[in-house]
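The residues making up each chain are set out below.
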Amino acid sequence: MFIPFQLLIPELSKSHQTISKTKQLHALITKTHLSLDPFYATKIVRFYALNDDLSSACNLFDEMPNRSVFLWNSIIRAYARARDFPKAFGLLKEMVRSETKPDSFTFACVLRACSENNDVDGLRSVHGGLVAFGLGIESICSSALVCAYSKLGLVGVASKVFKRVADPDLAMWNSMISGYGYCGFWDDGLKLFNAMRIVGEKPDGYTMVGLLSGLADPGLLGIAKGIHGSCLKNSFDFNVHVSSSLVCMYSRCNCLISAHEVFRGLLNPDLVTWTALITGFSQSGDNKNSLAFYREMNMKDVKADPVLIASALTASAQLSIVGPGCELHGYVLRHGLETDIMVSSSLIDMYSKCGFIDLAMLSFKILPHEDIVVYNAVISGLGSHGLASEAFRIFNEVLEKGLRPDESTFSALLHACWHAGLVNEGKQIFSRMKDEFDIEPETEHYVHMVKLLGMAGKLKEAYDLVTTLSEPVDAGIWGALLACCETHGDSRLAENVVHHISENKPEKSSYWVMLCNIYAKEGRWDEVKKLRDGMTNSGQRKTPGLSWITGSNSSVTSLMTAEMP
DNA sequence: ATAGGGTTAG
């Protein structure tokens, strides 16, 4: 097939071309010397980018003697979208030195790349660059800056940029409102929303989504309902993004009844909305309903994608029933999703949480081993089955591959050591994590260390480790230590720990119950009675779930109701 | 002539 010259312009005007047509168009403009005009090349670079053939796009770009802003922007955009940020950055630097100067669109594109790449330093330097080109208060650059800074959590800097813009347009208002939303400053978002209406700017769907995205606490349900009402009044509930945000927001606020209500009001919920609902139920602990909704969705003509499959697999893992997980595995195989990172790591996690570590390993073995997330899933699976040496073998594979372990990798390894009672190995990996890999231990790492040391009877060492932390120490860490005191019947240390906890979190009655248990073991019933009366008087009779610390709370309940000798 | 900045699940 050959493209005649008369068809060049019509073919270039299309929005998409196959890779073979793109190559023919490329050849055609080279032969006719139309490649001297960057207009044609710009179109073809776009086609290459849409076909994920960046090296051909780059060859064409390199051949071009004249490069317009359009041509530069399209090649930079192509690399930025393909997440080859070093190349996109390099091209921007080259462009700055060239005769064609970057414009606001060039910078907007690179700014987005910085935020997707979590590159704060890059962001600051691009910010400096665009100011040098006189684009510091230009609206496209400013809204891109506000978004990029807030996505990286620097909402203060974002708001400084915002305040310098004299007459913000709708996109600018929206960027700042959703910026506050990402960072959880819903109240600042709401203030800005009101300010926006005072100056007569009409909000749109983006504005509402931005406002909703900041709400993630059951305590904010009143505010949430208010914003929901305002969405209804303005008919924004017909916007799929707004309605899906409403479903997510109610799920985050743990109000699944409202999430479900909003969902049921939709004529045609899309995949995103289904996922919001299914994930919402799973995250609130109602995994049965989560899977029921997944089945309901399958009856309709909505096709699940990797994100949804991963979420449904997580729900099955939490139920520890392998049946639905196997069904999902079948779907994964039929649709060729088994190499997707999210899917495969949840599949490994599901099989190991359901007790089938061999099936987890089987899913792992067929994968191209190149992502730390998948390794973390398998290390954590092996560890929770007591197979610590296997877990360490996989860890060494990570290092041999040149992959960088992250905080979850170490969390999984420490957990593995705890399961297998490998105190020295645990201590060793804990220091390597800091010294060799430069990862600061977080609460979960300390909890694992305390459990590891405590279970081995090294209560004093565990206590010393906790006291090296700066106050306030997370109550979960003290709780883990207290559980170890309970196992070993060390009431002196337990009293000390409870004292530490009650300085920060006096309302946590479960810790008092554990101390109560320790006294009971020692037969100090007078102490038990004192504690129990004290708790009854302060209305703290109910014991919240302790399973995450002790593995079971049945002994606690029986003690609290038992008659004392 | 050309595309190019702001939103949603995980």
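Residues numbered from 1 in each chain as written. Chains lettered and ligands numbered in written order. Predicted model: local features only at pLDDT ≥ 70, side-chain atom pairs only at ≥ 80, totals over all residues. Heavy atoms only, no water.

## Brief notes about the overall build of chain A
Moving on, step 1. In terms of regular secondary structure, chain A is built from 34 helices and 0 strands.
Moving on, step 2. Its C-alpha atoms put chain A at 100 × 60 × 50 Å along the principal axes.
Moving on, step 3. Buried positions account for 48% of the 565 residues belonging to chain A.
Moving on, step 4. For chain A, the computed accessible surface area is about 27400 Å², with 55% contributed by carbon and sulfur atoms.
Moving on, step 5. Between the centroid of the 53 positive side chains of chain A and the centroid of its 61 negative side chains there is a distance of 3 Å. (Helix = DSSP H or I, 4+ residues; strand = E, 2+ residues; numbered from the N terminus. Buried < 20%, exposed > 50% of the residue type's maximum accessible area, 1.4 Å probe, protein only. Areas by Shrake-Rupley, 256 points an atom, 1.4 Å probe, with all protein chains shown as cover. Lys, Arg positive; Asp, Glu negative; His and termini not counted. Charge placed at Lys NZ, Arg CZ, Asp CG, Glu CD.)

## Considerations on the protein's contact with DNA strand B
Moving on, step 1. In the region of DNA strand B, 38 residues are neighbours, and Phe 70, Arg 112, Asn 174, Tyr 182 and Val 307 sit closest.
Moving on, step 2. Restricting attention to atoms of DNA strand B within 4 Å of the protein, one finds that 38% of them are sugar or phosphate atoms.
Moving on, step 3. At a separation of 3.3 Å, a base nitrogen of DNA strand B approaches a polar side-chain atom of Ser 143.
Moving on, step 4. Tyr 206 places a polar side-chain atom, nitrogen or oxygen, 3.0 Å from a base oxygen of DNA strand B.
Moving on, step 5. Mapped by element, the contributors of at least two residues to the surface near DNA strand B are helix H3 (38-50), helix H5 (69-81), helix H7 (104-116), helix H9 (139-151), helix H11 (170-182), helix H13 (205-213), helix H15 (240-252) and helix H17 (271-283). (Near = heavy atom within 4 Å. Polar contact = N/O pair within 3.5 Å; in protein donor to acceptor, adjacent residues only side chain to side chain.)

## Describing the UniProt feature "repeat: PPR" (unreviewed entry) in chain A
Moving on, step 1. UniProt feature "repeat: PPR" (unreviewed entry): in the numbering of this structure it lies at residues 68-102, 169-203, 270-304, 371-405 and 406-436.
Moving on, step 2. Taken end to end, residues 270-304 is 74% helix and 0% strand, and its two terminal C-alpha atoms sit 10 Å from one another.
Moving on, step 3. The span residues 371-405 is 74% helix and 0% strand, and its two end C-alpha atoms sit 10 Å from each other. (UniProt positions renumbered as here; feature names shortened; annotations may be inferred.)

## A few points about the environment of Phe 430
Moving on, step 1. Relative to the elements of secondary structure, Phe 430 occurs in helix H26 (residues 423-435).
Moving on, step 2. Of the residues examined, Phe 430 reaches a relative accessible area of 4% and is grouped as buried.
Moving on, step 3. When the C-alpha positions of Phe 430 and His 448 are compared, they lie 9.8 Å apart, and in sequence the two are 18 residues distant.
Moving on, step 4. Apart from residues lying up to four places away in sequence, Phe 430 is in contact with Leu 414, Pro 441, His 445, Tyr 446, Met 449 and Leu 465. (Contact = heavy atoms within 4.5 Å.)

## Things to note about the side chain of Thr 106
Moving on, step 1. Tracing the sequence through the fold places Thr 106 in helix H7.
Moving on, step 2. A polar contact of 2.7 Å, which involves the side chain of Thr 106, links it to the side chain of Asn 73.

## Remarks on the pattern of salt bridges
Moving on, step 1. Throughout the structure, instances matching the rule amount to 12 salt bridges.
Moving on, step 2. Residue Lys 353 pairs with Asp 349 through a salt bridge whose shortest N-O separation is 3.0 Å. Highlighted residues: Lys 353 and Asp 349, both in helix H21 (residues 341-353), separated by 4 residues, approximately one helical turn.
Moving on, step 3. For Lys 353, a relative accessible area of 47% translates into the label partly exposed.
Moving on, step 4. In this structure, the salt-bridge partner of Glu 436 is Arg 432, at a minimum N-O distance of 2.8 Å.
Moving on, step 5. Residue Arg 432 is classed as partly exposed on the basis of its relative accessible area, which comes to 28%. (Salt bridge = Lys/Arg side-chain N within 4 Å of Asp/Glu carboxyl O.)

## A look at helix H27 (residues 443-455)
Moving on, step 1. The first and last C-alpha atoms of H27 sit 18 Å apart over 13 residues, in line with the 18 Å expected at 1.5 Å per residue.
Moving on, step 2. Counting buried positions along H27 gives 10 out of 13 residues, so the element sits mostly inside the fold.
Moving on, step 3. The complete set of buried residues in H27 reads His 445, Tyr 446, Val 447, His 448, Met 449, Val 450, Lys 451, Leu 452, Leu 453 and Gly 454.
Moving on, step 4. Looking one or two residues beyond H27, the residue adopting positive phi is Gly 457, at roughly 85 degrees. (Expected span 1.5 Å × (residues − 1).)

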